[in-house]
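# A look at the structure
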Amino acid sequence: LLDVIENPFFDKTEVAREREAVVADQARLRDDSRQRSIELMWDSLYPGHPYGLPRFGLPEVLNGASEEKLEAWHAKTIKRQLPLVVVVGDTDGSALVSRIFSEGLKRNELDKTIKANLPNSYATPDDKIEQRSRQSSTLATGFRSPQIPPEKQNDLWALTMLGTIASSGKLVEELRDKQGLTDGVFLISDQRLASGVFLAQMATLPENEQRAREALEAALESLAAAPPSDDEFEQGRNAEIGRYAIALQD
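An account of the accompanying structure is given in this report.

Looking now at the sheet that holds strand S3 (residues 196–204). Taken in spatial order, the three strands make up an open sheet running S1-S3-S2, and their pairing is antiparallel. The open sheet has two free edges, formed respectively by strand S1 (137–145) and strand S2 (185–191), since each of these has just one partner strand. Ignoring strand direction, the axes of neighbouring strands in this sheet form an average angle of 20°. Looking at chain direction, S1 and S3 are connected through nine bridges and run antiparallel. When the sheet's bridge partners are listed, Gly142 is paired in S3 with Leu199. Packed onto the sheet, helix H7 (residues 154–167) meets S2 and S3 and runs at close to 170° relative to S2.

Okay, here's the thing in structure tokens:
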């Protein structure tokens, strides 16, 4: 691992092969309706910021990648910072591991600070739409959530619970069972270091797009207007416990 970090060999053939693999990953995600709609929403909420970029980058940037550019990137980033090494497990060997890294990491110059590219303020986000030959439309709408400091990390659980309560109660009953607009609604909190989003997403038939969008927006407004009832909270809590138990099975 230390050798990979310190002395990578950017072989021309290997770089080309890896670039092709990432291009395939880009195409795969663009073809995933659910993931692509969320990508477009991030792009709308964070224009010009890294948070608005797709997970595997932009095709035009990747197409221009070469072994020379990778070497230059490694020299100006990795070789100018010391990594944070975390040892998990039996700590009897941590002193040995610490010495290996402290002696193996050589830096001539260090960047004293890393400048974070903080999100700018913005006006009304633009709609992002991609037309596909599909028999369903996937909608994602949301808003920025503020940066949450370490002492308020419990707020993240509150946002998660709020999404679970909404997507397992009256909202899904109204949109799925009564209006027949969708087979499910997801409300998700995705918090990152400098900011995040709280979003609602659903799939519907193309002819129901406008009704579905209005229903999603109304649901978010209702969520912000009043706290859930005791019954809604209990139902949402049980749903979140169940989701957590299911996640542990993977």
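There's plenty left to go through after this.
The next subject is the packing of H7 against helix H10 (residues 230–248). Angle between the axes and distance between the axes are the two parameters that describe a pair of packed helices. Packing of H7 against H10 leaves a shortest axis separation of 8 Å and a crossing angle of 105°. With respect to their mutual orientation, H7 and H10 come out roughly perpendicular. Contacts between H7 and H10 involve Thr160, Met161, Thr164, Ile165 and Ser167 from the first element and Glu232, Phe233, Gly236, Arg237, Ala239, Glu240 and Arg243 from the second. A class-by-class count of the residues in the contact of H7 with H10 yields four nonpolar, four polar and four charged.

Let us look at the packing of aromatic side chains. Scanning the entire structure with this criterion turns up four aromatic pairs. With centroids separated by 6.0 Å and ring planes inclined at 85°, the aromatic side chains of Trp42 and Tyr51 adopt a geometry described as edge-to-face. Seen from their ring centres, Tyr46 and Tyr51 are 5.5 Å apart, and the 80° between their planes marks the pair as edge-to-face. When sorted by exposure, Tyr46 lands in the same class as Tyr51, which is buried. An aromatic cluster of three or more residues is present, and its members are Trp42, Tyr46 and Tyr51. Over the face of the ring belonging to Trp42 we find Arg192, whose NZ or CZ atom lies 3.7 Å from the ring centre.

In this section: the pattern of salt bridges. The final tally for this structure, using the stated rule, is 18 salt bridges. Between Glu6 and Lys79 there is a salt bridge; the shortest N-O distance is 3.3 Å. Highlighted residues: Glu6 in helix H1 (residues 2–6) and Lys79 in the loop between helix H5 (67–76) and helix H6 (94–104), separated in sequence by 73 residues. Its relative accessible area of 8% is what places Glu6 among the buried residues. Assessed through its relative accessible area of 26%, Lys79 is described here as partly exposed. As a salt-bridge pair, Arg132 and Asp31 come within 3.7 Å of each other at their nearest N and O atoms. Highlighted residues: Arg132 in the loop between H6 and S1 and Asp31 in the loop between helix H2 (12–30) and helix H3 (33–45), separated in sequence by 101 residues. The structure contains a network of salt bridges with shared partners spanning Asp31, Arg36, Glu39, Glu130, Arg132 and Arg134.

This next bit is on the side chain of His49. For His49, the position within the fold is in the loop between H3 and helix H4 (59–63). The exposure class assigned to His49 is buried, which follows from its relative accessible area of 8%. At 2.2 Å, the side chain of His49 forms a polar contact with the backbone oxygen of Asn117. With residues near it in sequence (within four places) discarded, His49 still touches Asn117, Leu118 and Pro119.

By the element assignment, Gly184 lies in the loop between helix H8 (170–178) and S2. Given the relative accessible area of 12%, Gly184 is considered buried. Sequence separation between Gly184 and Val23 is 161 residues; the distance between their C-alpha atoms is 31 Å. Once residues lying within four places of it in the same chain are set aside, the contact partners of Gly184 are Val172, Gln201 and Met202.

Definitions and cut-offs
- Residues numbered from 1 in each chain as written.
- Predicted model: local features only at pLDDT ≥ 70, side-chain atom pairs only at ≥ 80, totals over all residues.
- Heavy atoms only, no water.
- Pairing = 2+ DSSP bridges.
- Helix = DSSP H or I, 4+ residues; strand = E, 2+ residues; numbered from the N terminus.
- Axes fitted to C-alpha atoms, helices over the stretch in contact; angles between N-to-C directions.
- Contact = heavy atoms within 4.5 Å.
- Parallel < 35°, antiparallel > 145°, perpendicular 65-115°, else oblique.
- Nonpolar A, V, L, I, M, F, W, Y, C, P; charged D, E, K, R; others polar.
- Phe/Tyr/Trp six-rings, centres within 6.5 Å; stacked < 30°, edge-to-face > 60°.
- Buried < 20%, exposed > 50% of the residue type's maximum accessible area, 1.4 Å probe, protein only.
- Lys NZ or Arg CZ within 6 Å of the ring centre and 35° of its normal.
- Salt bridge = Lys/Arg side-chain N within 4 Å of Asp/Glu carboxyl O.
- Polar contact = N/O pair within 3.5 Å; in protein donor to acceptor, adjacent residues only side chain to side chain.

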